[in-house]
Amino acid sequence: MARFLVRRLAGAVLLLVITSMVTFAIFFIVPRLAGQTVDQLAAQYVGKDPSQAEIEATKEKLGLDKPIIVQYGQFIKGIVAGREFSFGPDTEYCPPPCFGYSFKTQRPVWPDLVDRVPVTFSLAIGAAVIWLITGVSIGVLSALKKGTIFDRFAMVIALAGVSLPIFFTGLLSLALFRPTGVNYVPFTSDPLGWASNLLLPWITLAFLYAALYARLTRAGMLETMTEDYIRTARAKGLRERKVVTRHALRATLTPILTIFGLDIGLLLGGAVLTESTFSLPGIGRYAIDAINNQDLPQVLGVTMLAAFFVVVASLVVDLLYAVADPRVRL
Amino acid sequence: MRRKAALAAGLALVLAITACGGGGNGGNGGTAEFNAADTSIVNASTKAGGTLNLALNDDWDSIDPGNTYYGFAWDFARFYGRALTMFKPAPGTAGLEVVPDLATGLGEFTDGGRTVTYKLRPNVKFEDGTPVTSKDVKYAVARTYARDVLPNGPTYFVDLLDAGDYPGPYQQPDLNQFTGIQTPDDLTVVFKLKAPFGDFDYLAANPQTIPVPQAKDTGAKYQEHPMSTGSYKVDSYVPGKEFILSKNPNWDTSDTNRKQLLDKIDVKLKVNAEDIDNRLLAGSLDADLAGTGVQAAAQSRILSDPNLKKNADNSFTGRLWFFVMDEKVAPFDNIECRKAVQYATDKVALQTAFGGPIAGGEVATTMLPPNIVGYQKFDLYQTPEAKGDIAKAKEALAACGMPNGFSTKILLRSDRPKEVAAGEALQQALAKAGIQAEITGVPSGGYFTRFAGAPEYMHANNIGIAFHGWQADWPTGYGFLQQLVDGRTIKAQGNTNVQEMDLPAINALFDKAAASTDVAERTAIYGQIDRAAMEHASVVPFLYAKGLVYRNPQMTNVYIQYSYGIYDFSQVGKQ
Amino acid sequence: MTSPLDAPSTAVAQPEAVLQGIGRKAIEGRSLGQIAWARLKRDKLAIAGGVVVILLIAMALLAPLLTKITGGSPTEFNQDLIDPTFSKPKGDGIFAGFSWDHPLGVEPRSGRDVFSRILYGAQISLLIGFLATAVSVVLGTVAGVIAGYFGGWVDTFLSRTMDVFLAFPLLLFALALAGVIPDSAFGLSGNSLRVAVLVFIIGFFNWPYIGRIIRGQTLALREREFVDAARSLGASGRWVIFRELLPNLFAPILVYSTLMIPTNILFEAALSFLGVGIRPPTPSWGKMLADAVPFYSVAPMYMVVPGLAIFITVMAFNLLGDGLRDALDPRAR
């Protein structure tokens with residue numbers, strides 16, 4: 001168990017390091033290849049109408065004049081141990097995880113990012129509940145009733161579901177059911193408003209994933225039902241219901257769980273398209289704004305957070321495996 | 001209720017009142033009519049109480065008065081701070097006038113205009129009861145020198161004051177080292193300028209002169225609680241969420257520039273544009289703070305329903321949309337080729353792309369918009385119905401030595417749909433004259449630091465045409481034009497003189513205006529600059545921006561403050 | 001009895017399970033191809049999908065001809081058809097702007113003909129969809145075969161790389177990358193550069209999906225008798241890969257290419273929707289949808305038309321891909 005955990009954690013950290021390096025590279029190396037100078041980069045920090053002296057000062061303050069490796073080292077140090085920034089009369093200590101200060105708002109990135117988390121969590125988890133229940137049950141039913149009208153109908157709908165871009169279904173559902181748009185209200189301040197506003201994004205997002213999961217579940221189920229042990233169980237005289245729930249379903253759900261871990265992890269890191277379509281102020285919107293503003297600290301923060309969620313989600317899934325499938329040894 | 005007066009009479013009345021400096025204390029004013037708040041005070045009332053509910057699609061860059069560059073933020077800062085001067089709280093063009101606020105009078109110019117002196121009002125206190133002294137004003141300006149700490153605000157004081165290379169109070173806390181301002185006594189502030197600057201009273205209206213007590217300054221974190229001298233004080237500011245103000249008990253009640261009718265002001269931040277519209281129309285919101293106009297859906301609801309329409313205004317926002325031709329990029333180094341574009345441009349197509357006459361604005365022919373001191377109406381490149389004149393464009397092309405046209409590139413911000421649509425419209429119009437233009441879209445984030453505002457980028461990529469939009473830092477020809485056409489403002493990045501226009505004649509006119517202390521003379525010079533710049537043909541103004549804004553009928557004392565192009569929130573109350 | 005949906009039908013996301021056994025040799029007498037074709041012919045939905053795909057390709061290729069018939073142009077402004085106050089097409093009802101000249105209406109703001117923009121948009125969608133798939137397939141096949149054939153640390157390294165890719169917030173990276181690419185680079189400029197960048201980004205970020213499948217297939221094939229036989233006869237690694245493995249991998253590559261095209265079309269549409277796609281005025285479906293956002297309540301058809309275009313295209317490819325997979329899978333009854 002301990003060895004497994006250590007191995008998984010090491011893998012998780014590695015993934016985070018790679019993510020940070022890739023992001024760093026995209027924003028520091030690619031623009032430079034494209035001809036952006038360090039001065040122009042520094043100018044983004046200084047605000048409107050920067051003078052050369054201000055640019056020099058800013059370059060020094062932010063360490064932009066140092067080699068990329070050193071800058072990257074400082075960035076990593078900030079996340080692990082925090083960093084000090086000079087702000088007027090005081091030197092401000094930015095506690096870990098410190099992603100620095102936004103180019104545009106001059107505010108620390110991390111608190112702003114944490115602020116967005118509830119929105120994306122509400123959206124992703126609410127949708128996940130819906131799609132897991134509907135997707136998996138439709139998939140199971142389809143597999144059990146293979147070839148019937150229900151099965152064919154469900155699978156055509158499911159194929160349509162995976163063929164529809166979410167930014168289209170989102171807009172369509174808005175135009176049809178809520179032309180005035182949705183607005184996020186925190187659960188703590190108004191649970192009813194929270195649910196009623198999120199209902200449409202939930203259903204839209206869940207539709208896509210439910211379609212995907214119905215197809216996956218059905219395929220997995222059909223595959224499992226041909227396995228020898230199922231035949232054995234049936235031959236043993238076990239009730240069909242028990243065969244399905246005890247054996248087939250469990251084996252089918254294991255790979256689905258892996259995919260679910262990845263999907264939910266990716267969504268928690270920002271449901272970019274859904275949030276854009278419904279204008280929800282979540283991590284995905286934050287990411288888009290950060291990218292449009294070329295706000296490097298924000299982009300780094302958001303991609304790291306996104307990668308972090310993926311890593312955590314797949315860790316949790318691995319642990320759940322041990323519970324769901326006794327054959328998996330930790 | 002006396003506000004049932006006929007509109008025409010009301011309008012004349014209001015103009016008369018504002019002309020004698022009232023600002024509307026009584027029950028005189030316009031009724032709720034479409035566009036009434038553009039020129040009159042709607043719902044004039046002295047009723048106290050209530051909460052003003054505002055919303056913003058975006059957020060402040062900083063609520064620190066010394067560190068913000070948004071128009072709405074400058075308008076709103078007057079709630080919690082008094083600058084030396086301010087724009088007259090009055091509707092119509094009267095609002096373009098500067099009046100003293102923290103000072104007892106406008107600046108006194110001596111030493112050939114190089115010294116400007118203000119006397120402070122006595123008895124003005126910070127919200128904690130500490131009296132405001134000239135040192136607090138000096139300190140407020142001094143801290144704007146620390147560009148690494150407070151990067152957002154304008155740099156006019158830094159550029160104009162004779163302060164050597166003062167690095168700001170965070171590196172040099174001894175204020176005696178800051179020679180740009182002298183404080184002979186507690187109520188006198190003396191600005192020392194490198195060169196005369198006629199519009200200085202307008203600069204003094206910037207929130208950068210709102211006093212800041214040195215003992216309370218926490219640099220970039222001062223925005224967590226700026227010390228108020230206005231009628232309201234900051235209760236809480238949560239970035240991305242809300243900004244709440246309540247009555248300032250230590251406000252100097254002899255202040256006639258602002259009111260204290262409301263109990264509370266509540267601004268919700270980062271609200272969906274559509275949601276702002278819905279709440280406005282439902283009455284749960286009083287106004288959109290940014291005042292840029294409602295979205296398409298709300299627009300059609302408002303314009304088709306007379307009951308809603310009477311609570312809406314369609315006024316100039318003070319912004320000009322234009323595009324420029326880089327004079328350093330061939331073939332636009334030839335004025336005839338620039339003229340060809342001037343004539344080929346179909347301004348109505350660009351207007352429609354920007355949202356039409358109501359949501360977009362009026363077709364522009366000058367650089368100065370109508371609500372700016374110095375505006376004169378003229379059109380040097382007249383075309384039928386402003387839709388372009390291909391024959392004249394071809395003539396100009398022939399004169400340029402390119403009778404078959406040429407090819408060039410159009411630079412624009414790809415995350416702005418209206419600008420992209422306008423770029424496509426321009427591309428179409430130019431093609432009719434034989435000018436093939438390719439569109440290059442870049443993110444708005446680095447537009448002035450890396451792309452349009454970096455001449456090197458423009459030259460290296462052969463970008464002939466770039467879209468641009470501009471709003472004055474203060475509503476005079478100088479405040480609007482200097483950053484756009486004064487050749488000495490061209491810089492390697494952050495350049496707003498994108499066309500790289502550097503004409504000695506124009507530059508000299510700016511100096512002449514700066515040196516003049518005669519308002520009429522300055523105003524005339526601004527008109528000359530506009531004309532001279534247009535004659536040079538590298539700037540193509542196409543839209544004086546307008547927005548359809550909605551005011552809750554519950555709001556009292558509402559009018560549009562022309563200097564900011566949005567409602568004057570310092571005056572409003574609730575019914 | 002065969003029904004089109006009989007066989008397991010998974011989405012692209014997790015396809016390994018289904019493909020096992022695709023490489024197995026079919027019953028003697030008829031070639032795999034013949035059997036597959038016979039099966040495919042009976043699958044009506046797959047045939048319908050195939051027909052739509054062929055029609056779409058034809059429409060995209062013939063776009064200049066077709067628009068000549070209606071007289072529309074994808075770039076020409078018709079602002080006389082636009083109500084200047086509301087920026088939307090003149091007329092009432094949701095079909096405002098539809099006419100014989102403009103069978104699918106006109107775009108808000110500019111009045112451009114939607115029908116021709118959809119046709120020209122198909123060119124971009126299909127071009128990027130196909131090219132990006134080609135990139136993914138080449139990368140994925142190379143990596144998959146190498147990982148599967150050589151095993152050991154090579155396999156571990158490549159498999160981990162694929163895992164990392166699958167866990168990346170790809171859309172964010174793609175957006176960031178597309179946003180910082182300069183105006184001209186690698187000897188390309190303008191739209192050809194944009195297309196190249198989009199193809200690279202989409203293809204490069206999606207190769208692990210196909211890589212994992214090919215790796216699994218290669219692993220299974222490597223243990224098979226005919227590979228063993230070839231090796232024991234002294235065949236070189238190259239011979240085994242090119243003569244024994246790749247021909248047997250043809251079926252899964254074909255199936256997953258077909259299933260990957262729609263995913264890539266969706267990816268391109270998403271990037272365009274988010275504003276980093278092809279440059280204006282060249283039409284793209286994703287960009288049209290993004291442009292429709294402010295108008296979804298006043299001019300809903302402008303959103304519905306490109307949305308349906310994406311949907312029909314993606315659905316057709318998915319139907320064809322599902323059908324192909326079923327036909328090529330010997331276990332499908």
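Residues numbered from 1 in each chain as written. Chains lettered and ligands numbered in written order. Predicted model: local features only at pLDDT ≥ 70, side-chain atom pairs only at ≥ 80, totals over all residues. Heavy atoms only, no water.

A. Molecular detail of the overall build of chain C. Each helix and strand counted, chain C has twelve helices and two strands in total. Starting at the N terminus, the α and β elements of chain C follow one another as α-α-α-α-α-α-α-β-β-α-α-α-α-α. Contacts in chain C between residues at least 24 apart in sequence constitute 77% of all its contacts with a sequence separation of at least 6. For chain C, the accessible surface area stands at approximately 13400 Å², while carbon and sulfur atoms represent 68% of it. (Helix = DSSP H or I, 4+ residues; strand = E, 2+ residues; numbered from the N terminus. Contact = heavy atoms within 4.5 Å. Areas by Shrake-Rupley, 256 points an atom, 1.4 Å probe, with all protein chains shown as cover.)

B. Quick look at the interface of chain C and chain A. With 48 residues of chain C at the interface, the matching set in chain A holds 53 residues. Regarding the contact of chain C and chain A, the summed buried area is about 4500 Å², with carbon and sulfur atoms giving 78% of it. Viewed at the interface, chain A and chain C are joined by one salt bridge. The residue D322 of chain C makes a salt bridge to R215 of chain A at a minimum N-O spacing of 3.2 Å. On inspection of chain C and its partner chain A, the count reaches two residue pairs in polar contact (both at pLDDT 80 or more). Going through the elements one at a time, α6 (152–167), α7 (170–180), α10 (237–273) and α12 (301–328) of chain C are the ones with two or more residues in the side of chain C that touches chain A. Sorting elements by how many residues they give to the side of chain C that touches chain A places α12 of chain C first, with eleven residues. Among the residues forming the side of chain C that touches chain A, the class breakdown is 36 nonpolar, eight polar and four charged. (Buried area = accessible area lost by both parts, 1.4 Å probe. Salt bridge = Lys/Arg side-chain N within 4 Å of Asp/Glu carboxyl O. Polar contact = N/O pair within 3.5 Å; in protein donor to acceptor, adjacent residues only side chain to side chain. Nonpolar A, V, L, I, M, F, W, Y, C, P; charged D, E, K, R; others polar.)

C. Structural detail: the sheet that holds strand β17 (residues 539–550) of chain B. Residues and elements named next belong to chain B. An order of β13-β17-β12-β16-β14-β15 is seen for the six strands of this open sheet, with the pairing classed as mixed. Strands at the two margins of the open sheet, each flanked by one partner only, are β13 (361–363) and β15 (436–442). Mean inter-strand twist for the sheet, computed between neighbouring axes without regard to direction, equals 30°. Examined bridge by bridge, strand β12 (residues 312–325) and β17 share ten bridges and lie antiparallel to one another. The residue of β17 that forms the bridge with F322 is P541. (Pairing = 2+ DSSP bridges. Axes fitted to C-alpha atoms, helices over the stretch in contact; angles between N-to-C directions.)

D. Broad picture of unusual backbone geometry. Across the junction of A330 of chain B and P331 of chain B, the peptide omega takes the value 0°, indicating a cis bond. Among the secondary structure elements, P331 of chain B is positioned in the loop between β12 and α10 (335–344). P281 of chain C follows P280 of chain C through a cis peptide bond whose omega is 5°. With respect to the element layout, P281 of chain C can be found in the loop between α10 and α11 (285–292). The backbone of K270 of chain B shows a phi angle near 55°, a positive value even though the residue is not glycine. Tracing the sequence through the fold places K270 of chain B in the loop between β10 (264–268) and α7 (273–282). Its relative accessible area of 32% is what places K270 of chain B among the partly exposed residues. (Buried < 20%, exposed > 50% of the residue type's maximum accessible area, 1.4 Å probe, protein only.)

E. Region of interest: the environment of F121 of chain A. All names here are of chain A. Mapped onto the elements, F121 comes out in helix α5 (residues 109–144). Along the primary structure F121 and L216 are separated by 95 residues, whereas in three dimensions their C-alpha atoms are 24 Å apart. Apart from the residues within four sequence positions on either side, F121 is in contact with G126, L268 and F309.

F. A nonpolar patch on the surface, seen in detail. A cluster of nonpolar side chains, contributed by I125, V129, L132 and I133 of chain A, occupies part of the molecular surface with about 330 Å² of accessible area. Along the chain, the position of I133 of chain A falls in helix α5. (Patch = residues over 30% accessible without salt bridge, like charges linked within 9 Å, V, L, I, M, F, W, Y side chains within 5 Å.)

G. Representation of the interface of chain B and chain C. Every contact between the two is made by 29 residues of chain B and, on the other side, 23 residues of chain C. Of all residues in chain B, the largest losses of buried area upon contact with chain C belong to T352, E424 and Q428 of chain B, amounting jointly to 24% of the total for that side. Taken together, the links from chain B to chain C amount to two salt bridges. The residue R279 of chain C makes a salt bridge to E438 of chain B at a minimum N-O spacing of 3.3 Å. Where chain B meets chain C, there are eight residue pairs in polar contact (both at pLDDT 80 or more). Mapped by element, the contributors of at least two residues to the side of chain B that touches chain C are α8 (296–304), α11 (347–353), α12 (356–359), α14 (417–432) and β15 of chain B. Ranked by residue count, the leading element in the side of chain B that touches chain C is α14 of chain B, at eight residues. Taken together, the residues of the side of chain B that touches chain C sort by class into 15 nonpolar, ten polar and four charged.

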